[in-house]
Amino acid sequence: MDFQIRIKPVCFQGEFKLARRPRILVPNMPVHVVQRGNNKQACFFQGKDYAVYLKKLKACAEKFNVQIHCFVLMTNHVHLLLQASDYEGISHVMQSLGRYYVRYFNTTYNRTGTLWEGRFKSSLVDSDEYLLQVYQYIELNPVRAKMVDHPKDYVWSSYHANGGNKNIAMIEPHPLYLSLGIDAESRKLAYNRLLDNSLSNEILNKIRLSINKSRVLGDDKFVKQISAKLERFAGYLEHGGDRRSEEFKEWFQRI
C-alpha cells in the first residue's frame, strides 16, 4: 500500500516545532472521529440543535469532498466515520462545522465561550475486520448508554440508513458495507444480524484506546507500516510503553 504521512510543523520564533501530536492523514481511508462537549457538558438540548448540526455536516462534507459512512449524535458528544479524498478534508470539515455550530449554540442559548473539549479526536481505521466493528461501535452507542433498547429507537443516528428503511442523503456506504449483500434489502438484513452480536470487551477497548490516543486501529502489519514512517509507535501496547521500550522493540521485531 502506497501512502504518505503528513505532519504539520508550527513555527515559533523562526524554529519549527511540533506543537501537538500530529494527525495521521491518509486519503481514501476511513477515519473514526469523536468530538466531545467541554467538561462533558451537553452539546444538544432540543431536536433543532441536532438538525442544525447534521445539515451543516452535510454541507461541509460536500464542500470538502468527504464521505460520511455513519454517525451518531449523543447528548454531549458525536461519533462520525468519515473518509476524505485528500489529506486536509476531514480537518476542514470538523473546523468549519465546529465553528459554525458553536456560533449557533451560543446565540441560541445566550451563552459565550467554548463548547468543545479541545481538538476532535481521530483514529485511522485500516482493516476490513475493524471497519464494520467501528460501524457497530458508533451506531450501538445509544444502546450501550442505556438510552434505548435498539438503535432503531434512537433518532439521531445513521442506523436508519444502514440498517433501517430511511434514505439519509449524506450517507455514502463504504464498499465493505455494500459487500454485505447483493441488494439493499439483503445488506440491511446482514447488517442487522451483525448488530445483534455485541462487541467483545477486547474490541471495545481497542476502539476506545485508538480514538482516545489518536492511534491507528488496524492489524499489526499496518501499524508497523505507519510506525516506520512516523518513527514512533502509531498503534498502542496493551500494557503501555513507547517506541523506546523493550516491549515495543520486541513487538516490532516480531511482525
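The preceding data block contains the structure.
The paragraphs below set out a description of the structure included in this document. (Residues numbered from 1 in each chain as written. Predicted model: local features only at pLDDT ≥ 70, side-chain atom pairs only at ≥ 80, totals over all residues. Heavy atoms only, no water.)

### Considerations on helix α1 (residues 47-63)
If you check α1, its first and last C-alpha atoms are 25 Å apart, about what 17 residues at 1.5 Å a residue would give, namely 24 Å. Within α1, the full set of buried residues consists of Asp49, Tyr50, Val52, Tyr53, Leu54, Leu57, Cys60 and Ala61. Taken together, the buried residues of α1 touch β4 (66-73), β5 (77-84) and α2 (89-108). Count one or two residues on from α1 and you reach asparagine 65, which has phi positive near 55 degrees. (Helix = DSSP H or I, 4+ residues; strand = E, 2+ residues; numbered from the N terminus. Expected span 1.5 Å × (residues − 1). Buried < 20%, exposed > 50% of the residue type's maximum accessible area, 1.4 Å probe, protein only. Contact = heavy atoms within 4.5 Å.)

### Quick word on the nonpolar core
What tends to happen in soluble globular proteins is that the nonpolar side chains get buried as a cluster. In terms of nonpolar packing, the biggest core is built from 69 residues, with Tyr53, Phe71, Ile90, Met94, Tyr101 and Leu124 touching the most fellow members. If you tally residues by element for this core, the top one is α2, at eight residues. If near-sequence neighbours (up to four positions away) are discounted, tyrosine 101 is found in contact with Cys43, Phe44, Asp49, Val52, Tyr53, Leu115 and Trp116. (Core = buried A, V, L, I, M, F, W, Y, C linked by side-chain atoms within 4.5 Å.)

### Concerning the sheet that holds strand β3 (residues 30-36)
The strand order across the open sheet formed by four strands is β4-β5-β3-β6, and the pairing between neighbours is antiparallel. The outermost strands of the open sheet, each flanked by one partner alone, are β4 and β6 (121-124). On average, adjacent strands in this sheet sit at an angle of 20 degrees to one another, irrespective of strand direction. Note: β4 against β5, seven bridges, orientation antiparallel. When the sheet's bridge partners are listed, valine 72 is paired in β5 with histidine 79. Against the sheet, α2 touches β3, β4 and β5, its axis set at about 145 degrees to β5. (Pairing = 2+ DSSP bridges. Axes fitted to C-alpha atoms, helices over the stretch in contact; angles between N-to-C directions.)

### What about the packing of helix α3 (residues 128-139) against helix α8 (residues 201-212)?
Their axes nearest at 11 Å, the elements α3 and α8 cross at an angle of 90 degrees. With respect to α8, the axis of α3 lies roughly perpendicular. Only Ile203, Leu204, Lys206, Ile207 and Arg208 of α8 make contact with α3, whose side of the interface consists of Tyr130, Gln133, Val134 and Tyr137. Taken together, the residues of the contact of α3 with α8 sort by class into six nonpolar, one polar and two charged. (Parallel < 35°, antiparallel > 145°, perpendicular 65-115°, else oblique. Nonpolar A, V, L, I, M, F, W, Y, C, P; charged D, E, K, R; others polar.)

### Side note on the packing of α3 against helix α7 (residues 184-196)
It is the contact of α3 with α7, at a shortest axis distance of 10 Å, that shows an interaxial angle of 70 degrees. Classed by the angle they form, the pair α3 and α7 counts as roughly perpendicular. Contact residues: α3 offers Leu132, Tyr135, Gln136 and Glu139, while α7 offers Tyr191, Leu194 and Leu195. Residues belonging to the contact of α3 with α7 are distributed by class as follows: five nonpolar, one polar and one charged.

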